[in-house]
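Survey of secondary and tertiary structure
What follows is each chain in one-letter form.
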Amino acid sequence: MFKAILVTTALAHFKLTNPPTRGFDDLKEFTAPCSGFPLSTRTPFQFVSTLSITSYHSTASYNTSISFSQDPQTQSDFVPWGGVVQCTLGNCPDVPFDFQKAFPDKVKTGVNATLQVIFNSPDGILYNCGDITFTDSASSLTNSALKHFSLLPLVLLFVQ
Ligand SMILES: [Cu+2]
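Along each chain, numbering runs from 1 in the same order as the chain's sequence is written. The model is predicted, so local features are restricted to residues of pLDDT at least 70 and side-chain atom pairs to those at 80 or more, both for listing and for counting; the totals for chains, interfaces and linings are taken over all residues.

With 4 bridges connecting them, strand E2 (residues 43–46) and strand E10 (residues 124–135) associate as parallel partners. Directly across from Thr43, in E10, lies its bridge partner Ile132. Strands are treated as partners if at least two bridges between them are detected by DSSP. What counts as a helix is a DSSP run of H or I of at least four residues, what counts as a strand is a run of E of at least two, and both are numbered from the N terminus. Of the strand pairs in this sheet, strand E9 (residues 112–121) and E10 are connected by 10 bridges, and their pairing is antiparallel. From the neighbouring strand, Leu115 faces E10, where its bridge partner is Gly130. Joining the antiparallel neighbours E9 and E10 is a turn of 2 residues.

Structure representation (structure tokens):
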């Protein structure tokens, strides 16, 4: 009985949905850098994009790293990118990331990368990765996001 309760509360931490996570297993999310999942299908990803993350915790935060390795294996393959985003239960806030601005020498159309989300939850530090290929197709995201006044402080934080 007691054991069953423990298992239940340990399930469902967070999930990276855009780009899609390599795989999802609550019990493996503690494993860096990518929850123990191997390289997966790459998602086309615009230079300025928003990560979509579902939080199953009412109080949590995340930060991000990126790897330009073709098949990153360890945490040292990743470099930190972006600031800390606070999450509540449900979807974490949409924050546009300008990857090309941050890595102008590396982010070009056709370049492969792996995005890593490091989720700081009451259960501990958790990991998801999404494999992507950058594309320069026109992004309407930046303009629409910039029109939302409430997002401006976060935009300035991440695009500076
Ligand atoms: Cu959790």
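That covers the picture; the talk isn't over yet.
The sheet built from 3 strands is open, its strands ordered E1-E4-E7 with antiparallel pairing. A single partner strand is all that each edge strand has here, and the edge strands are strand E1 (14–18) and strand E7 (90–91). Where strand E4 (residues 52–55) lies against E7, 2 bridges are found, and the strand directions are antiparallel. Each bridged residue has a counterpart across the sheet, and for Thr54 the counterpart in E7 is Asn91.

pLDDT measures how confident the predictor is about each residue, on a scale from 0 to 100. The share of residues in the chain with pLDDT of 70 or more is 79%, and the mean pLDDT across the chain is 85. Confidence scores differ between elements of the chain, with helix H4 (residues 152–159) showing the lowest mean pLDDT of 42 and E9 the highest of 98. This entry defines residue contacts through backbone-placed C-beta atoms, with two residues in contact when those atoms are within 7 Å. Across residues 1–10, where pLDDT falls below 50, the model places 2 contacts with residues more than four positions away in sequence or in other chains. Taken as a whole, residues 142–160 scores under 50 in pLDDT and shows 16 contacts with residues more than four places along the chain or in a different chain.

On to the nonpolar core. Grouped burial of nonpolar side chains is what soluble globular proteins tend to show. With 26 residues, the main nonpolar core has Ile53 and Tyr62 as its most contacted residues. Among the secondary structure elements, those contributing two or more residues to this core are E1, strand E5 (60–67), strand E6 (79–87), E9 and E10. No other element matches E10, which puts 5 residues into this core. We call a set of buried Ala, Val, Leu, Ile, Met, Phe, Trp, Tyr and Cys residues a nonpolar core when their C-beta atoms link them within 7 Å. Residue burial is a threshold on neighbouring C-beta atoms within 10 Å of the residue's own C-beta, all placed from the backbone, with 20 or more meaning buried, 12 or fewer meaning exposed, and counts in between meaning partly exposed.

All right, on to the environment of Leu16 then. Within the element layout of this structure, Leu16 appears in strand E1. Owing to 25 C-beta atoms within 10 Å, Leu16 belongs among the buried residues under this scheme. Residues Leu16 and Leu51, spaced 35 residues apart in sequence, show a C-alpha to C-alpha distance of 7.6 Å. Discounting residues that sit within four places of it in the chain, Leu16 has contacts with Thr21, Leu51, Ile53, Val117, Asn128 and Gly130.

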